[in-house]
Each structure stands twice: as structure tokens, then as C-alpha cells.
Amino acid sequence: MSAPSSDAGNPAHTLFERFLRAGQCQEVLGTFGELRGHLGLQGTTGLQLYRELKAALNSWSAKALWNKLDKKAAHGDYEQGTAC
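Described in the following lines is the structure provided in the data block. (Residues numbered from 1 in each chain as written. Predicted model: local features only at pLDDT ≥ 70, side-chain atom pairs only at ≥ 80, totals over all residues. Heavy atoms only, no water.)

### Remarks on the overall build of the protein
For the protein, the helix and strand inventory stands at 4 helices and 0 strands. Listed N to C, the secondary structure of the protein is α-α-α-α in terms of helices and strands. Counting the 84 residues in the protein, one finds 21% classified as buried. Nonlocal contacts in the protein, meaning residues at least 24 apart in sequence, comprise 33% of its contacts between residues at least 6 apart. (Helix = DSSP H or I, 4+ residues; strand = E, 2+ residues; numbered from the N terminus. Buried < 20%, exposed > 50% of the residue type's maximum accessible area, 1.4 Å probe, protein only. Contact = heavy atoms within 4.5 Å.)

### Section: the side chain of Ser 59
Turning to its location among the elements, Ser 59 is positioned in the loop between α3 (46-56) and α4 (60-73). By relative accessible area, which is 8% here, Ser 59 ends up buried. With residues near it in sequence (within four places) discarded, Ser 59 still touches His 13, Phe 16 and Glu 17.

### Examining the packing of helix α1 (residues 11-21) against α4
Close contact between α1 and α4 brings their axes to 10 Å; oriented N to C, the two are set at 60 degrees. Between α1 and α4, the angle falls in the class oblique. Between α1 and α4 lies a crossing whose hand is left-handed. Counted together, Phe 16, Glu 17 and Leu 20 of α1 and Ser 61, Ala 62, Leu 65 and Trp 66 of α4 form the full contact between these two elements. Broken down by class, the residue content of the contact of α1 with α4 amounts to 5 nonpolar, 1 polar and 1 charged. (Axes fitted to C-alpha atoms, helices over the stretch in contact; angles between N-to-C directions. Parallel < 35°, antiparallel > 145°, perpendicular 65-115°, else oblique. Left-handed = near helix turned anticlockwise from the far one by under 90°. Nonpolar A, V, L, I, M, F, W, Y, C, P; charged D, E, K, R; others polar.)

### Some details on the environment of Leu 39
Residue placement: Leu 39 occurs in helix α2 (residues 25-39). Residue class for Leu 39 comes out partly exposed when judged on its relative accessible area of 25%. Ignoring anything within four residues of it in the chain, the contact list for Leu 39 reads Ala 12, Leu 53 and Ala 56.

Structure below.
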């Protein structure tokens, strides 16, 4: 059974899927910039950017990434998100 495709009705989800599939650095940066622009997050950085992306993107693939990143951030080395 394959995973569901991105939500065709949500351009942000389509851009996020393109970002995930990007293979070259320039493509990764370009699609991430497009996604930030689409969501109006050009000037947002750090934890605030992460929180806003997490709030805006709720596809299955985005949720899987947020879960992995949240688990990683909970590791003691990151001091509850204050170290990085």
C-alpha cells in the first residue's frame, strides 16, 4: 500500500512535497523559498519559522517530519529547544 499523495487542493502541501523530493541543493533552497513565500514567512526565522510551518502544513508527510524533528529536539543535548 502506498502513502497518499499530497493534497492537490492545497498549494502549500504541493510545494512541501516538491521540497521533500528535491535532490540538488539549489532545488531544495528554491522550493523552500517558494514555500516560505507562499505562506508569507519570508522574514520569519528559527523556532518561530518552525512553529508557523508546523501550523500551516498538516499533510501526512509533514506530520511525519514534525514528529521526527520534535523527537530530536526533545533530546537533552538541545536543552528543550534553547540550544539550537
